[in-house]
Every structure is written in C-alpha cells, then in structure tokens.
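Per-entry structural report
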Amino acid sequence: MVSPCSRSWLRASCLAIALAWPAWAPAQSGPLGADLPSLLDYARQHNPELAAMQHEAQAAAQRVQPAGALPDPVLRVELMNVNNFGNDAGFNLLPSKVGETKYTLMQMIPAPGKRDLRRDAAAADARQAEARSAATWAEQAMKLRAAFAQYWLAAQNERITGELLELVVQLEQVAQTRYAGGLAPQQDAIRAQLEQTAIRSELIAVANEKRQQQARLNALLGRAAGAGLAEPRALPVVAAAALEPQALATRVRERNAAVRTEAARLQAAQANRELALRNRYPDFNVGISPSQMGSRLTTWGVMVEVNIPLQQRARRAQESEAAAMVDAARARLEAAATQAAADLDEQLSALEAARRNETLIATRQLPQSELVLQSAVAAYENGKVDFATLLEAQRQARKARLDLLKTQAEQQMRIAEIERTLGEAL
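Note that the structure is predicted; figures quoted are calculated from it, not measured.

With that settled, the discussion passes to the overall build of the chain. Regarding its fold elements, the chain presents ten helices and four strands. Each helix and strand of the chain, ordered N terminal to C terminal, gives the series α-α-α-α-β-β-α-α-α-α-β-β-α-α. Relative to the globule expectation of 22 Å for 426 residues, the C-alpha radius of gyration of the chain, 38 Å, shows a markedly less compact shape. Overall, the chain is about 135 × 50 × 35 Å in size when its C-alpha atoms are taken along their principal axes. Looking at the chain as a whole, 39% of its 426 residues are labelled buried.

Rendered as structure tokens:
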C-alpha cells in the first residue's frame, strides 16, 4: 500500500503542475529583457537600421531650404588688350596694366513661383524620408514584440518542462515504493526513467530555442548575440477598447507608414508637375558690368539675359511626364491605402481567432485535461490504471498548458502586425 502521505503528495504535485497558469499581467519597466517596454526604449536609441533611416530623414530635411534658394552669383573678369598694343608696356595680366578690364557680376533669377515649388517638392521628399523612418521603426517594433513573445514562450516552456521533470522524478520514487510493496510492476519505474530521459532531451531543445530567441532580440537591439538578457516576466496587455475596428481603420488611413510615404510622393509629384508648367516662362540673368582703365572705373553697364523657351515639344513631353508621375503616385497611394485596410482586417480576424482559441483552451481543454489527470492519479493510487495511463494524462495536461501559452504568444504576434500596419503603438 502507498501511504496516505504519498497519496496526498502525488495528488497535490500533479494538480499543482496542471493548474499553474502562465503569467498575464501588465508589464512594468524593468531590467532589459524582462518586459517589452525596456526593449523598445533600448531599441529606439541603439538599433542601427533605425539610426540609419533617422539620419537619412535628417539629411532630407536639410535639403528643403537650399532647394528654394537663389543660385550663387557669378563674377566674370575680362582683360582686354593684354598685349598693350600701341604702347611699350608689353604683355601684362594685371587689371591696372592692360588696356581695359571689364567686371561682370551676374545673378540668375528663376521665374516667379519656381523657387517655392522646388522648396515644396523638397519638403515632400523630406516627408517621404520621415515616413520611411517611421516604417522602419514600425517594422523593428513588430519584430521586437514578436521576438519577445517567442522569448517569453520559450522561457515558460522551459519552466513547465522543468516542473514536469521534477514531478516525474517523484513519480519514479512512488513507483519504486509500489514495486517494493508488490503493488506495481517494475516497468512503472523503468517507464518513469525513460520519461525523464525524454524530458531532459526536451529541456535541451527548449534551452536552445531560448538562446536563439535571445540572439534574435540582441540583433534587433544592436547588441552582441551573446549579451545577457533578463528572464521575461509577462506579456504586455492591450486593452480591448484599443482594438475597435472602426477606430483602427481611421487611424490606418492617417498613420500607416506606406500610406504616408505615398501621400508625400504624390505631393512631390504635384509640385514637380507645377514646376514643369512654370518652365514655359523664362528665367533671368541680371548683372552689372563696371569697366576699369588704369586704376579708375570709367564706365558702368547693366545687363539682362533671358532664356527663350522655344523647345515647346520637349517641354510638352516633360509636362506629360510630370502629369503621368502624378497619376502614378495617386494610384500608388490608393493601392497602399487599400492594402493597409486589407492587412488590418486580416490581422484583426487572426487576432480574434487566437483569442477564441485561448478561451476554448482555458474553459474546455485545460479543465478537461485536469479532470483526466485527477482521475488518473486517483485510479493509480487504487491500482486501477497502469503507470502509462498516468503519464499520458500528465502529458495531456502539459500539452493543454503549452497550447494556452502558444495562443497567448500568437496574440502578441498578431498585435505586433496590427501596430506595424497602424504605424504606431496601440
């Protein structure tokens, strides 16, 4: 007979393993790796890909002011009669020693409105760069949330597998006691030992998966692959109100990085089309021309230079090209908005499916597996089922717990995709 103490311990241990639900609470700021906020904060400052895109956006912003600036003026110096024909001074290049020196200072002035249009086009290009930087961050944030969810899942799996190993070790002791009392065959103890070997093999695989997730997180953070990370504490919680479909659809139209990029591209194309139309009007060069003889300025002249827009066929082709670019940009904007809306709907549907699966597992699969385990424990204590049945019941209870963890991690990955489509955090 198994002592009442052993029976109580067996029932309590099995049920403790089966009923231990994974942590699911709002994450608080903690050591790097313990929660998602600490990872996001670190990545904003150290992710190399994001830093590169931010620098490119800053560079594009610096092009706006020069795009609308006047060209640099031009100074021309003409030395006339440098051989001093008619006198004995001979060849000379000094302005005061030649027959005459003419200075011309010129400034090119674009037709009215061109400078503003060039500045508008450059500003639109800067907004494109800013939107691409936002898209890069949205992509990195999505990868971080998904990697953290997988890291958390691997850590939870390692914990559950370790607890199961401890339980099977204790079950082996119970089986040995029953065998010594003639109440169970020796195969029960052997089965327990085989199960321990299989679980230890699983622990090796789980530990390897956890290390891989740590390396993936470190890569996203811009750290060495082997850099240490804290144990993940809990998955972040997103309020249901933040996932209201209509509100998200509105935010996607306004904040989606691809939509913002194409909108800025359209604005740049429109400015370039207006600029092409303005090229029908001439640009001007204005200048002044003082002339020097000896050491004195003797005469002054004023000049105006105008380019004559005679190549109308070429200009019409440029205008048609610019108009086609506007149409193409508008079509890309519509396509980006349509794709973003479709992605959001698909991701919300996947999230809802994951939540329904979580509810199903939590309310049916897990309680049912617990009942089966309780029955198996009681039946084994009374010698009504063999040890293999008890192990199988334990495996089913463990599978239910892991399935619950997987659905929770999957929800995090769906939320990560929604945030990437949205272009900002929920």
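Past the structure itself, the notes keep going.
This part is about the pairing of strand 4 (residues 296-306). Relative to strand 4, strand 3 (residues 284-293) runs antiparallel, the two being bridged by ten bridges. Paired with Ile 288 across the strands is Val 302, a residue of strand 4. A loop of two residues connects strand 3 with strand 4, the two strands running antiparallel in sequence, and Gly 294 in this loop sits at a positive phi of about 65 degrees.

Below, the discussion takes up helix 9 (residues 312-381). Over its 70 residues, helix 9 extends 99 Å from the first C-alpha to the last, a length consistent with the 104 Å expected when each residue adds 1.5 Å. Roughly 40 degrees is the biggest bend found in helix 9, and it falls at Ile 361.

As a further point, take the packing of helix 3 (residues 48-61) against helix 5 (residues 114-180). As a packed pair, helix 3 and helix 5 sit with axes 8 Å apart at the nearest point and diverge in direction by 170 degrees. In terms of orientation, helix 3 and helix 5 fall into the roughly antiparallel class. Facing Glu 49, Leu 50, Met 53, Gln 54, Glu 56, Ala 57, Ala 60 and Ala 61 of helix 3, the residues of helix 5 in contact are Asp 125, Ala 126, Ala 129, Glu 130, Arg 132, Ser 133, Thr 136, Trp 137 and Gln 140. Looking at the contact of helix 3 with helix 5 residue by residue, the class counts come to eight nonpolar, four polar and five charged.

This brings us to the pattern of salt bridges. By the definition in use, this model includes 24 salt bridges. Of the charged contacts, one joins Arg 265 and Glu 262 as a salt bridge, the two residues approaching to 3.0 Å between their closest N and O atoms. Residue Arg 265 and its partner Glu 262 are located together in helix 8 (residues 257-278), separated by three residues, close to a single helical turn. Of the residues examined, Glu 262 reaches a relative accessible area of 12% and is grouped as buried. The shortest N-O distance in the salt bridge between Arg 280 and Glu 319 comes to 2.8 Å. Here Glu 319 lies in helix 9 and Arg 280 lies in the loop between helix 8 and strand 3, a separation of 39 residues in the sequence. For Arg 280, a relative accessible area of 38% corresponds to the partly exposed category.

Taken together, four strands build an open sheet; the order of strands is 1-2-3-4 and the sheet is antiparallel. In the strand order of this sheet, the two ends are held by strand 1 (74-80) and strand 4, each with one partner. Strand-to-strand, the axes of this sheet are offset by a mean angle of 20 degrees, without reference to chain direction. Strand direction decides the pairing type here: strand 1 and strand 2 (residues 100-109), joined by seven bridges, are antiparallel. The residue bridging Leu 79 from the neighbouring strand is Thr 101, located in strand 2.

A surface patch of nonpolar side chains, amounting to about 1,100 Å² of accessible area, comprises Leu 75, Val 77, Leu 79, Phe 91, Leu 93, Leu 105, Ile 288, Leu 297, Trp 300 and Val 302. Listing elements by their share of the nonpolar patch, those giving two or more residues are strand 1 and strand 4. Tracing the sequence through the fold places Trp 300 in strand 4.

The next subject is the side chain of Asp 403. Tracing the backbone through its elements, the reader meets Asp 403 in helix 10 (residues 387-422). Given a relative accessible area of 16%, Asp 403 falls into the buried group. Among residues more than four places away in sequence, those in contact with Asp 403 are Ile 361 and Gln 365.

What follows is about the confidence of the model for the chain. Put simply, the chain has an average pLDDT of 84, and 92% of its residues get 70 or more. Per-residue pLDDT stays below 50 along residues 1-6; that stretch engages in five contacts with residues further than four places along the chain or on separate chains. Segment residues 15-29 is flagged for pLDDT under 50; beyond a separation of four residues in sequence, or across chains, it makes 40 contacts in the model.

Another point: the packing of aromatic side chains. By the definition in use, this model includes zero aromatic pairs. The positively charged end of Arg 223 is found above the aromatic ring belonging to Tyr 42, 5.8 Å away from the centroid.

With that settled, consider the environment of Leu 360. If you trace the backbone, Leu 360 turns up in helix 9. Residue classification places Leu 360 among the partly exposed positions, given a relative accessible area of 44%. In the structure, Leu 360 is positioned 161 residues away from Ile 199 in sequence and 27 Å away in space, judged by C-alpha atoms.

Parameters and conventions
- Along each chain, numbering runs from 1 in the same order as the chain's sequence is written.
- It should be noted that, the model being predicted, local features are given only for residues of pLDDT at least 70 and side-chain atom pairs only at 80 or more, the latter also being counted only at that level, while totals for whole chains, interfaces and linings use all residues.
- Only hydrogens and water are set aside; all other atoms, that is, all heavy atoms of the structure, feed into the side-chain values.
- A run of H or I in DSSP becomes a helix once it reaches four residues, and a run of E becomes a strand once it reaches two; helices and strands are each numbered from the N terminus.
- This radius of gyration counts C-alpha atoms alone. The globule rule is 2.2 Å times how many residues there are, raised to the power 0.38.
- Exposure categories follow from relative accessible area, calculated using a 1.4 Å probe and restricted to protein chains: below 20% of the type maximum is buried, above 50% is exposed, and the middle band is partly exposed.
- At least two bridges found by DSSP between two strands are what make those strands a pair.
- Expected helix span is computed as 1.5 Å times (number of residues minus one).
- The bend reported for a residue corresponds to the angle between axes fitted to the seven residues ending at that residue and the seven starting there.
- To obtain an axis, a line is fitted to C-alpha atoms, over the contacting stretch when the element is a helix, and the angle between two such axes runs from 0 to 180 degrees between their N-to-C directions.
- Note that the term roughly parallel is reserved for angles under 35 degrees, roughly antiparallel for angles over 145, roughly perpendicular for angles of 65 to 115, and oblique for everything else.
- Contacts: residue pairs with any heavy atoms within 4.5 Å of one another.
- Note on residue classes: Ala, Val, Leu, Ile, Met, Phe, Trp, Tyr, Cys and Pro are nonpolar, Asp, Glu, Lys and Arg are charged, and everything else, Gly too, is polar.
- Any carboxyl oxygen of Asp or Glu within 4 Å of a side-chain nitrogen of Lys or Arg constitutes a salt bridge here.
- The patch calculation keeps residues exceeding 30% relative accessible area without a salt bridge and links them within 9 Å when they carry like charges or within 5 Å when they are nonpolar (Val, Leu, Ile, Met, Phe, Trp, Tyr).
- All accessible areas in this document rest on Shrake-Rupley with a 1.4 Å probe, and a residue is counted as covered only by the protein chains that are shown.
- pLDDT is a per-residue confidence score from the predictor, ranging from 0 to 100.
- Aromatic pairing here means that ring centres of Phe, Tyr or Trp (its six-membered ring) are within 6.5 Å. Orientation follows from the plane angle: under 30 degrees is stacked, over 60 is edge-to-face, and everything else is tilted.
- Note on criteria: charge over ring means Lys NZ or Arg CZ within 6 Å of the ring centre, with the direction from the centre no more than 35 degrees off the ring normal.

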